[in-house]
Amino acid sequence: MKIFSGIQPTGAKHLGNYSGGFRQYAATQEQGDAFFCIVDLHSVTVPHDPEDLRTRTLDLAALMFATGLDPERSTVFVQSHVTAHAEAAWLLGCVATIGELRRMTQFKDKAGTRESVSVGLFTYPVLMAGDILLYQTDIVPIGDDQRQHLELSRDIAERFNSRFGKTFTVPRGVYPEAGARIMDLQEPGNKMSTTGGNPQGTIYLLDPPEAVRKKVKTAVTDSGREVVHDTNEKAGISNLIEIMTVATGESITEVESRYESAGYGQFKSDVGDAVVELLAPIQARYHELRDDSAELERMLTHGATKAREASAPTLEKMYERMGFTRPKGE
Ligand code: TYM
């Protein structure tokens, strides 16, 4: 079984990324041959600070190992270190259509608020499709916000296969049962997000304990009393229930019954504590790893070598199937 997922290095990582991303990476790496990619090429689709990108790339690498990725088992690497990704994006960009890219809601959301929109932001999902397809990926652990992009990757794979002959495995998205879309604590109608979110409603993975507790305590909830999961009527409480399941590993029903006769106050205070408890060891490991940039760079270099080897045959097959001549070894 081949597993692939990607995560952007820009922006402080939050509990939504943990739920849909990091924790699923650590769990799925047990199931087969796993590749986890720091997608720096995706991060330059919106205006960015070059120095910040460099630092954040190492920050993210440290966080990936701190949340449980095992460098012996998984290939953790940086997208721009493996040039096959940019090449695959070009080739697949000639298979994807403008019509399907225009339908991407993330593009519409991100482009909608900007004066100037890069071509890269528009073709972003094609780069993502290349990331996944280059590794003959069977499963892609992601959050719900990436569902549409994953479906597009499947469509592109199927179209390429039928036009040029079977080249790609058609990948399947894997979403957490609860916590596939963690919502902003202040605006429970919107997903928790680095770019569009409210910082007071966003729990960052490196937030100190007091900040976490305060954010949870001041989370927007309805005026009722019952701790029950109902995303239509009780978006805020439902979100906190899902956060509790992420922190403790319980099911939604288990959390509901544990708080059957408790009020919101007690529940919120316990959610805050549970998240603090979840984050403490991650933060400690993160700081340890982050202190040694040279070691992180070494691990990423090793990851890039493995990723280059794993992706090269598929890229070669793409060129061949599309009718390109290839340089002969000298
Ligand atoms: P990114 O960097 O925005 O997010 C990384 C992961 O976090 C998940 N996520 C969430 N899950 C639950 N609730 C939320 N509020 C929440 N916010 C983010 C995302 O779903 C994702 O799994 N385009 C991708 C990166 C990418 C990629 C890939 C992913 C590039 N190539 C190939 C998979 C396969 C992105 O921007 O994720």
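Residues numbered from 1 in each chain as written. Predicted model: local features only at pLDDT ≥ 70, side-chain atom pairs only at ≥ 80, totals over all residues. Heavy atoms only, no water.

### Topic: the overall build of the protein chain
Here is step 1: Each helix and strand counted, the protein chain has 13 helices and 5 strands in total.
Here is step 2: Reported as C-alpha extents along the three principal axes, the dimensions of the protein chain are approximately 75 × 45 × 40 Å.
Here is step 3: A burial count over the protein chain gives 51% of its 330 residues as buried.
Here is step 4: Of the contacts made within the protein chain by residues no fewer than 6 positions apart, 76% connect residues no fewer than 24 positions apart. (Helix = DSSP H or I, 4+ residues; strand = E, 2+ residues; numbered from the N terminus. Buried < 20%, exposed > 50% of the residue type's maximum accessible area, 1.4 Å probe, protein only. Contact = heavy atoms within 4.5 Å.)

### Remarks on the layout of surface pockets
In this approach, a probe sized like a water molecule rolls over the atoms, and the result shows the empty space that is left.
Here is step 1: Of the volumes computed, that of the largest pocket is approximately 1,200 Å³.
Here is step 2: Together, 49 residues line the largest pocket, and Gln106, Lys110, Asp145, Gln146 and Lys191 are the ones closest to its centre.
Here is step 3: Elements that contribute at least two residues to the lining of the largest pocket include exactly β1 (2–7), α1 (15–28), α6 (105–112), α7 (119–133), β4 (139–141) and α8 (147–164).
Here is step 4: When the residues that make up the lining of the largest pocket are grouped by side-chain class, the tally is 14 nonpolar, 25 polar and 10 charged.
Here is step 5: In terms of lining, the second largest pocket is formed by 18 residues, of which the most central are Ala89, Thr123, Tyr124, Val126 and Leu127.
Here is step 6: Elements supplying a minimum of two residues to the lining of the second largest pocket: α4 (84–93), α5 (98–102) and α7. (1 Å grid on protein atoms, 1.4 Å probe; cavity = no way out; pocket = protein on both sides within 12 Å on 5 of 7 lines; lining within 4 Å. Points joined across faces, edges and corners; volume = space filled by probe spheres on them. Nonpolar A, V, L, I, M, F, W, Y, C, P; charged D, E, K, R; others polar.)

### Thoughts on unusual backbone geometry
Here is step 1: Even without being glycine, Gln136 reaches a positive phi, approximately 50°.
Here is step 2: Mapped onto the elements of the fold, Gln136 is located in the loop between α7 and β4.
Here is step 3: We classify Gln136 as buried; its relative accessible area is 18%.

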